[in-house]
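Observations on chain architecture
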Amino acid sequence: MARYLASRLVSLLVSLAVASLVIFAVIEVIPGDTAAFMLGLNAQPDTVAALRAELGLDLPRSLRYLAWIGGMLTGDFGVSYTYRVPVAELISARLQVSLPLTLYALALSTAIAIPVGLIAAARRGRPADYAIMGVTQLGIAVPNFWFAMLLVALFAVTLRWFSAGGFPGWEAGLWAGLKALTLPAVALALPQASILARVMRSALIETLGQDYIRTARAKGLTEAQAIRAHAFRNALIPVMTILGLQFSFLLAGAIIIENVFFLPGLGRLIFQAITQRDLIVVESTVMLLVFAVILVTFLVDLAYAAIDPRLRR
Amino acid sequence: MRRLPVQMTLGAALSAVFVLAALVSFVWTPYGVEGLAIARRMAPPSLAHPLGTDHFGRDILSMLMVGARTSIAVAIVAVGIGMGLGVPLGLLAAANRGGLIDEIVMRGNDLIFAFPSLVIAILITAIAGPSAFNAILAIGIFNTPVFARVARGGALSLWTLDYILAARVAGKGRLRISLEHILPNILNLLIVQGTIQFSLGILAEAGLSYVGLGAQPPTPSWGRMLAESQTMVSLSPHIAIFPGLAIVLMVLGLNLLGDGLRDWTDPRLRRAR
């Protein structure tokens with residue numbers, strides 16, 4: 001187990017190092033001078049130069065890279081050019097929306113997908129299975145922002161059960177916050193749940209074909225008992241891979257949904273920072289997201305080892 | 001002759017309708033898509049305008065037909081980029097299994113997968129300027145590791161087979177074996193994956209043009225039609241419903257086609273599905 005952990009940890013660190021180089025390089029090639037962009041068209045050249053010096057933009061690239069990485073490691077993500085506040089503050093404020101939204105959507109999607117996938121697998125080849133496969137096929141094809149628009153039209157504009165967008169902040173109470181995130185979470189969860197249910201179904205069907213299930217059935221277990229005792233746990237491995245991927249996808253992938261609902265999340269922060277050339281925000285936030293993805297992949301790997309002892313060797 | 005799966009026929013038919021509509025739009029659309037006709041704006045579906053008109057009085061059916069062109073072109077070229085870069089990399093990695101090249105290609109793949117694709121796509125289109133071309137580039141980059149992985153996986157299982165061994169004994173090099181024996185035999189895998197990436201490309205293009213980073217006006221695009229309709233959904237639902245349905249049906253068609261092709265070309269999977 002220790003060797004497994006060590007090798008995974010090394011590959012995690014190497015990935016992070018390479019990713020940071022790539023992000024830094026991409027941001028470097030972006031045309032346009034940030035200082036000139038901030039000061040506007042009428043700025044004097046010497047004012048621009050002074051601002052460049054103040055922001056540290058006149059230093060050599062290697063120094064700036066090291067300063068950035070050193071800062072990231074000590075929790076200093078730089079200061080936003082446009083908001084004039086530490087990037088870390090911006091990110092943590094936006095995470096208060098993005099993280100609950102991601103978890104909410106993921107919880108919804110798992111709560112729907114696991115039982116639905118189970119039913120489809122248990123009833124494979126029968127009408128219930130065909131119906132579920134048809135609906136999930138449709139769920140995958142629906143663009144989530146379109147689904148979101150329809151949800152708003154129905155539940156916010158016509159029925160007035162929810163507000164059409166915006167976020168009151170957690171100060172307004174847990175209930176108000178959750179209510180504001182409900183429609184976005186449902187919109188995000190639909191395609192994710194469809195994918196997850198299909199993965200759950202095929203993983204379970206695959207497991208049910210294994211010899212040890214036949215043995216269990218021969219011992220007199222019913223299919224339901226065999227699923228509960230043996231198949232379900234084994235089918236969870238591919239399901240967890242997808243869940244891990246979906247978590248990181250949702251964290252940043254909510255950009256479009258956040259735009260539909262005017263939510264002040266991480267996605268909108270990046271989106272606005274890109275359009276305003278607030279590159280330090282883009283750089284640090286993207287790095288953080290990549291870190292999250294790599295970390296989640298690492299944790300999923302560890303979880304495999306916990307579920308399946310064979311993988312520890 | 002194996003019987004074609006129902007879903008494959010259905011998927012092929014659905015996809016064909018959209019491809020045909022896109023092709024026909026080059027020579028004919030029911031109405032022009034550039035002229036404004038405020039007098040007949042936001043008209044509900046009728047005989048003259050089967051899908052109604054939008055807020056500028058443009059015929060929605062005509063807009064969808066021309067928009068299909070953009071969606072299909074962006075998605076297909078992005079699949080082409082992904083295949084063109086990914087397949088050679090995957091074959092190369094498989095031919096050097098366990099070697100340095102294999103390691104570099106696979107770690108590179110993991111790395112690209114770790115980047116939030118939507119964010120990077122938005123970054124590319126925002127920096128290089130919003131256009132259909134830059135959307136293609138952004139989507140194509142993220143198609144590359146997918147094809148590299150599929151090509152490598154398929155190739156690895158072939159490299160262990162006897163007929164490859166025979167080819168090696170006959171003195172053929174790795175490159176020649178990859179091209180002559182491996183590639184033709186993983187073509188079905190690649191086509192299936194291509195169909196899936198095609199459908200994902202349609203969704204990605206719709207998303208990008210929805211936030212204003214895809215094809216620019218006056219080129220009609222499904223995503224932008226939805227963005228423009230957003231404030232009018234409850235007033236005239238048809239403006240928002242038809243472009244959305246177009247995306248859903250096209251993506252559904254391609255996914256059914258892809259799944260059907262996979263079942264059809266790989267009999268082992270038939271039991272499991």
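Residues numbered from 1 in each chain as written. Chains lettered and ligands numbered in written order. Predicted model: local features only at pLDDT ≥ 70, side-chain atom pairs only at ≥ 80, totals over all residues. Heavy atoms only, no water.

Here's the deal with the overall build of chain B
The number of helices and strands found in chain B is 10 helices and zero strands. Structurally, chain B occupies a C-alpha span of about 75 × 50 × 35 Å along its principal axes. Counting every position in chain B, which comprises 273 residues, the buried fraction comes to 52%. For chain B, long-range pairs separated by at least 24 residues make up 70% of all intrachain contacts whose partners lie at least 6 apart in sequence. On chain B, roughly 12100 Å² of surface is accessible, and the fraction owed to carbon and sulfur atoms is 70%. Across chain B, the mean location of the 20 positive side-chain charges is 6 Å away from that of the 13 negative side-chain charges. (Helix = DSSP H or I, 4+ residues; strand = E, 2+ residues; numbered from the N terminus. Buried < 20%, exposed > 50% of the residue type's maximum accessible area, 1.4 Å probe, protein only. Contact = heavy atoms within 4.5 Å. Areas by Shrake-Rupley, 256 points an atom, 1.4 Å probe, with all protein chains shown as cover. Lys, Arg positive; Asp, Glu negative; His and termini not counted. Charge placed at Lys NZ, Arg CZ, Asp CG, Glu CD.)

Considerations on the pattern of salt bridges
Pairs can form between side chains of opposite charge whenever their charged atoms are close. Residues and elements named next belong to chain B. The final tally for this structure, using the stated rule, is 16 salt bridges over all chains. A salt bridge links arginine 176 to glutamate 180; the shortest N-O distance between them is 2.8 Å. Highlighted residues: arginine 176 and glutamate 180, both in helix 7 (residues 174–210), separated by four residues, approximately one helical turn. Among the charged side chains, a salt-bridge network with shared partners connects Glu103, Arg107, Asp110 and Arg149. (Salt bridge = Lys/Arg side-chain N within 4 Å of Asp/Glu carboxyl O.)

Regarding the packing of helix 12 (residues 266–275) of chain A against helix 13 (residues 279–307) of chain A
Residues and elements named next belong to chain A. Put simply, helix 12 and helix 13 touch, their axes get as near as 9 Å, and they point 145° apart. In the crossing of helix 12 with helix 13, the sense of the turn from one axis to the other is left-handed. Two secondary-structure elements touch here, helix 12 through Leu266, Leu269, Ile270, Ala273 and Ile274 and helix 13 through Val281, Val282, Thr285 and Leu289. In the contact of helix 12 with helix 13, the residues fall into eight nonpolar, one polar and no charged. (Axes fitted to C-alpha atoms, helices over the stretch in contact; angles between N-to-C directions. Left-handed = near helix turned anticlockwise from the far one by under 90°. Nonpolar A, V, L, I, M, F, W, Y, C, P; charged D, E, K, R; others polar.)

A closer look at the UniProt feature "domain: ABC transmembrane type-1" (unreviewed entry) in chain B
In the UniProt entry, the feature "domain: ABC transmembrane type-1" (unreviewed entry) is given for residues 68–258 of chain B. Across residues 68–258 of chain B one finds 83% helix and 0% strand; the C-alpha atoms that close the span lie 19 Å apart. (UniProt positions renumbered as here; feature names shortened; annotations may be inferred.)

As for the UniProt feature "transmembrane region" (unreviewed entry) in chain B
Under the present numbering, the feature "transmembrane region" (unreviewed entry) in UniProt falls on residues 72–92, 113–140, 186–215 and 235–258 of chain B. Secondary structure content for residues 186–215 of chain B is 83% helix and 0% strand, and the end C-alpha separation is 34 Å.

Description of the nonpolar core
Counting 139 residues, the largest nonpolar core has Phe115, Ile182 and Trp222 of chain B as its most contacted members. Looking at this core, the element that brings in the most residues is helix 13 of chain A, giving 16 residues. Those residues in contact with tryptophan 222 of chain B, other than ones at most four positions away along the chain, are Phe18, Leu64, Gly67, Ala68, Ser71, Ile202, Pro243, Ala246, Ile247 and Met250 of chain B. Formed by 17 residues, the second largest nonpolar core is a distinct cluster that contains Ala113, Ile114, Ile205 and Leu208 of chain A. (Core = buried A, V, L, I, M, F, W, Y, C linked by side-chain atoms within 4.5 Å.)

Looking at the UniProt feature "domain: ABC transmembrane type-1" (unreviewed entry) in chain A
Here, UniProt's "domain: ABC transmembrane type-1" (unreviewed entry) annotation points to residues 95–300 of chain A. Measuring from the first to the last C-alpha atom of residues 95–300 of chain A gives 22 Å, for a span that is 83% helix and 0% strand.

A look at unusual backbone geometry
The omega torsion of the bond from proline 217 of chain B to proline 218 of chain B falls at 5°, within 30 degrees of zero and hence cis. In the Ramachandran plot, arginine 84 of chain A falls in the positive-phi region, its phi being about 60° despite a non-glycine side chain. Its identity as a non-glycine residue notwithstanding, phenylalanine 262 of chain A has a phi of 50°, on the positive side. Using a relative accessible area of 53% as the deciding quantity, one classes phenylalanine 262 of chain A as exposed.

Side note on the packing of helix 1 (residues 2–29) of chain A against helix 13 of chain A
Residues and elements named next belong to chain A. Here helix 1 crosses helix 13 at 160°, and the two axes come no closer than 10 Å. Between helix 1 and helix 13, the interaxial angle falls into the category roughly antiparallel. Between helix 1 and helix 13 the crossing geometry is right-handed. Class assignment of the residues belonging to the contact of helix 1 with helix 13 gives a composition of 20 nonpolar, two polar and three charged. (Parallel < 35°, antiparallel > 145°, perpendicular 65-115°, else oblique.)

Quick word on the packing of aromatic side chains
Evaluation of the coordinates by the stated rule reveals seven aromatic pairs over all chains. Both rings, one in phenylalanine 18 of chain B and one in tryptophan 222 of chain B, keep their centres 5.7 Å apart while their planes meet at 70°; by these two values the pair is edge-to-face. With phenylalanine 18 of chain B in helix 1 (residues 6–27) and tryptophan 222 of chain B in helix 8 (residues 222–229), this pair connects stretches of sequence that are 204 residues apart. In this pair, the class of phenylalanine 18 of chain B matches that of tryptophan 222 of chain B, namely buried. Among the aromatic residues, those joined into a ring-pair cluster are Phe24, Tyr65 and Trp68 of chain A. The ring of phenylalanine 26 of chain B carries the charged tip of arginine 69 of chain B above its face, separated from the ring centre by 4.2 Å. (Phe/Tyr/Trp six-rings, centres within 6.5 Å; stacked < 30°, edge-to-face > 60°. Lys NZ or Arg CZ within 6 Å of the ring centre and 35° of its normal.)

Thoughts on the UniProt feature "transmembrane region" (unreviewed entry) in chain A
Residue and element names in this part refer to chain A. Within this structure's numbering, the places UniProt gives as "transmembrane region" (unreviewed entry) are residues 103–122, 143–162, 174–197, 235–257 and 286–307. Measuring from the first to the last C-alpha atom of residues 143–162 gives 21 Å, for a span that is 75% helix and 0% strand. Secondary structure over residues 286–307 splits into 100% helix and 0% strand, and the C-alpha atoms at its two ends are 31 Å apart.

Examining empty space enclosed by the protein
Residues and elements named next belong to chain B. Scanning all chains against the criterion turns up one cavity of 30 Å³ or more. Reported here for the largest cavity is a volume of approximately 70 Å³. As for the largest cavity, its lining consists of Asp54, His55, Arg58, Ile60, Met63, Met225, Glu228, Ser229, Ile239 and Pro243. Among the secondary structure elements, those contributing two or more residues to the lining of the largest cavity are helix 2 (60–95), helix 8 and helix 9 (237–265). Considered class by class, the residues forming the lining of the largest cavity number five nonpolar, two polar and three charged. (1 Å grid on protein atoms, 1.4 Å probe; cavity = no way out; pocket = protein on both sides within 12 Å on 5 of 7 lines; lining within 4 Å. Points joined across faces, edges and corners; volume = space filled by probe spheres on them.)

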